Amino acid sequence: MPEGSIYITRSSAIAARALAGEMMVMNSANSTFFTLNEVATAIFQAADGRTPLQQIVRDTICEQFDVDPEQALTDAEQFVAELSSHGILLVSSEPLSAEASR
Amino acid sequence: MTGTQKVACVEIGGISIALSTGDEGFLRLLHQRYDGFLSSSQPEFELEFDLTAKQTVSDDDVRVNRDGHEWLLQRGDFQARWDPRTGRGKVHQNSNPYSLDSVLRILHSLILAQRGGFLLHAASAICEGQSFLFSGVSGAGKTTMTRLAPADVTLLTDEISYLRPRADGYAAFGTPFAGELARPGENCAAPVCALFFLEQGQENRIDELSQAEGVRRLMRNILFFAEDRALVEKLLATACDFVAKVPIRRLTFYPDTRVWDEVRNFARNFNCELPGVPANA
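Source: prediction; values computed, not measured.

**Student:** What am I meant to see in the overall build of chain A here?
**Tutor:** If you tally the helices and strands in chain A, you get 3 helices and 7 strands. In summary, chain A has a C-alpha radius of gyration of 13 Å against a globular reference of 13 Å for 102 residues, a match within 12%. When its C-alpha atoms are laid out on the principal axes, chain A stretches across 35 × 30 × 20 Å. Out of the 102 residues in chain A, the part that is buried amounts to 32%.

Written as structure tokens, this is what we have:
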């Protein structure tokens, strides 16, 4: 496991649906609702609990979108922190199951 | 149910719920409050009221979650249990009508979610055989739209719209749940022509919204309280289906009667015609 890696997975309490390039996400625990843009959607879909965030940014975000890798990682970390605070994503320093209970 | 229980059967959106109580005063309240929505048809569901709760009003948040097979509905002024397998439930509250309205709205939101419908924070009205929904934040103009409605427009509600799927779209039903207008809607229904999200401005204008924006706004205005992933997934799927079938627009309006000309013109230009919906579909 690479040192300092963070792993992300989707909470089992959420419902999600893609529409016109955006991901609609609702947390059933508190009825908060989010729409994710294309980059955020790519991170959300890649959140399998096994792939480190750094790798998701390098292999998915930087491959699909024309972004600076360093800036992309900073933005991804901010995005993950925000969705984590709302119970949408779960974050760990170790691999997680694909969909985890909060 | 004991022999002293009396029942008022209240039918909203074609869903009939028997409300039973042993208290004559509460029974009178039920008849007054839901006049126009009382039904003699066989009820699908039943709620039995125990009026011994002490707290009359509450600013607490509603909590709706599963307790085994039952739904548990709680707020400071009421606690209710409802078993969807039997269709029966018990409500512990006092005789406050606002608690009663809340319990009924929550129960309908649970039943509707399973059936592909929902309650929407919106005014609705029937104009030329089709229904129009007007949603938005508090103060956006829901009640104003109903006050400005011409005489030939039938009010379904100025506060909580009741929506159910039909073969070719959705139908809006009248509800007894009134907002600032303090007047219940008519007990009838019509196919939905359009959902307008209201904004007040200096002119009347209708703008398109993207499907994603439509779902975003719709989800923010749906009344839904259950902490249940399966039901939330169903609701999100319903919202996407609704937006795919019903035109969603932003209606910027200057608060005078001409805004209804805009609504009529939209219906004529958009050709909203859908099959008719019987009042008690």
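Still to come is the rest of the account.
**Student:** Where do I start with the interface of chain B and chain A in this structure?
**Tutor:** A common way to report how large an interface is uses the accessible area buried once the components associate. Contacts between chain B and chain A engage 16 residues on the former and 13 residues on the latter. Mapped by element, the contributors of at least two residues to the side of chain B that touches chain A are α4 (211–221) and α5 (229–245) of chain B. Residue composition of the side of chain B that touches chain A, by class: 8 nonpolar, 2 polar and 6 charged.

**Student:** Please explain the sheet that holds strand β2 (residues 15–21) of chain B as it appears in this structure.
**Tutor:** Backbone hydrogen bonds are what pair the strands of a sheet, in a parallel or an antiparallel way. All names here are of chain B. Read from one edge of the open sheet, 7 strands run β1-β2-β3-β7-β6-β5-β4, paired in mixed fashion. The open sheet has two edge strands with one neighbour each: β1 (6–12) and β4 (63–67). The average angle at which neighbouring strand axes cross in this sheet is 20 degrees, direction not considered. In this sheet, strand β3 (residues 45–50) lies alongside β2 in parallel orientation, the contact comprising 4 bridges. Opposite I17, over in β3, you have F45 as the bridge partner. Running at roughly 20 degrees to β1, helix α1 (residues 24–33) makes contact with β1, β2 and β3 of the sheet. Packed on one face of the sheet, helix α2 (residues 97–114) meets β1, β2, β4, β5 (70–75), β6 (78–83) and β7 (88–93) and runs near 30 degrees to β6.

**Student:** Please clarify how the sheet that holds strand β2 (residues 14–19) of chain A should be interpreted in this entry.
**Tutor:** The strand order across the open sheet built from 3 strands is β2-β3-β4 (chain A), with neighbouring strands paired in antiparallel fashion. In the strand order of this sheet, the two ends are held by β2 and β4 (33–36) of chain A, each with one partner. Across this sheet, the average inter-strand angle for adjacent strands is 20 degrees, counted without regard to direction. Examined bridge by bridge, strand β3 (residues 22–27) of chain A and β4(A) share 4 bridges and lie antiparallel to one another. Each bridged residue has a counterpart across the sheet, and for M26(A) the counterpart in β4(A) is F33(A). Relative to the sheet, α4(B) contacts β2, β3 and β4 of chain A, its axis offset from that of β4(A) by approximately 170 degrees.

**Student:** Is there a simple way to explain the domain arrangement of chain B in this structure?
**Tutor:** Residue and element names in this part refer to chain B. Splitting chain B by domain gives domain 1 (6–114) and domain 2 (118–270). In this structure, domain 1 and domain 2 have C-alpha centres spaced 25 Å apart. Every contact between the two is made by 19 residues of domain 1 and, on the other side, 20 residues of domain 2. Every element with two or more residues in the side of domain 1 that touches domain 2 is listed here: β4 and α2. The element best represented in the side of domain 1 that touches domain 2 is α2, accounting for 8 residues. Grouping the amino acids of the side of domain 1 that touches domain 2 by side-chain chemistry returns 9 nonpolar, 6 polar and 4 charged.

**Student:** Could you clarify how one ought to interpret the nonpolar core in this entry?
**Tutor:** Across soluble globular proteins, nonpolar side chains show a tendency to be buried alongside one another. Residue and element names in this part refer to chain B. Residues A172 and A239 are the most contacted members of the largest nonpolar core, which totals 108 residues. In terms of residues, this core owes the most to one element, strand β13 (residues 189–200), which gives 9 residues. Built from parts of two domains, this core gets at least three residues from each of domain 1 (6–114) and domain 2 (118–270). Not counting chain neighbours up to four residues away, the residues in contact with A239 comprise V215, L218, M219 and I222.

**Student:** Before we go on, may I ask you to explain the environment of S93(A) in this structure?
**Tutor:** Residue and element names in this part refer to chain A. Counting through the fold element by element, S93 comes out in the loop between β6 (89–92) and β7 (99–100). Take S93: there are 11 C-beta atoms within 10 Å of it, and that puts it in the exposed class. Through-space distance from the C-alpha of S93 to that of I6 is 4.7 Å; in sequence the pair is 87 residues apart.

**Student:** How do you make sense of the pairing of β3(A) when you look at a structure like this?
**Tutor:** Across a regular strand the side chains alternate sides, sitting on one face of the sheet and then on the other. Residue and element names in this part refer to chain A. The buried fraction of β3 is high, at 6 of 6 residues. Along β3, one buried face is formed by E22, M24 and M26 and the opposite face, lined by M23, V25 and N27, is buried too. Summarising the sheet, β2 and β3 pair through 6 bridges and their orientation is antiparallel. Bridging from a neighbouring strand, A16 pairs with V25 of β3. Following β2, the chain reverses through 2 residues before pairing antiparallel with β3; A20 in that reversal takes a positive phi of roughly 50 degrees.

**Student:** Even after reading the chapter, I still don't get the packing of α4(B) against α5(B), so can you show me in this structure?
**Tutor:** All names here are of chain B. Packing of α4 against α5 brings their axes to within 9 Å, and their N-to-C directions diverge by 130 degrees. In this view, α4 runs oblique relative to α5, as classed from their interaxial angle. The interaxial crossing formed by α4 with α5 has right-handed handedness. Taking contact as the criterion, the partners of Q211, G214, V215, L218 and M219 in α4 are, on α5, A239, C240, F242 and V243. Here the contact of α4 with α5 is composed, by residue class, of 7 nonpolar, 2 polar and no charged.

**Student:** How should I be thinking about helix α2 (residues 53–64) of chain A in this particular structure?
**Tutor:** For the α-helix, the turn length of 3.6 residues means that residues three or four positions removed from each other point alike. Residues and elements named next belong to chain A. The end-to-end C-alpha separation of α2 is 15 Å, in line with the 16 Å expected for 12 residues at 1.5 Å each. Buried within α2 are the following residues: L53, I56, V57 and I61. Projected down its long axis, α2 shows its buried positions confined to an angular sector of 95 degrees, all on one face. Facing away from the buried side of α2 by more than 90 degrees, the exposed set consists of D59 and E63. In the core, the buried residues of α2 are packed alongside β1 (7–11), α1 (38–46), β5 (48–52) and α3 (69–85).

Reading the values: the criteria
- Residues numbered from 1 in each chain as written.
- Chains lettered and ligands numbered in written order.
- Predicted model: local features only at pLDDT ≥ 70, side-chain atom pairs only at ≥ 80, totals over all residues.
- Helix = DSSP H or I, 4+ residues; strand = E, 2+ residues; numbered from the N terminus.
- Rg over C-alpha atoms; globule rule 2.2 N^0.38 Å.
- Buried ≥ 20, exposed ≤ 12 C-beta atoms within 10 Å, placed from the backbone.
- Contact = placed C-beta atoms within 7 Å.
- Nonpolar A, V, L, I, M, F, W, Y, C, P; charged D, E, K, R; others polar.
- Pairing = 2+ DSSP bridges.
- Axes fitted to C-alpha atoms, helices over the stretch in contact; angles between N-to-C directions.
- Domains from an automatic or database assignment.
- Core = buried A, V, L, I, M, F, W, Y, C linked by C-beta atoms within 7 Å.
- Parallel < 35°, antiparallel > 145°, perpendicular 65-115°, else oblique.
- Left-handed = near helix turned anticlockwise from the far one by under 90°.
- Expected span 1.5 Å × (residues − 1).
- Arc of directions from axis to C-beta.

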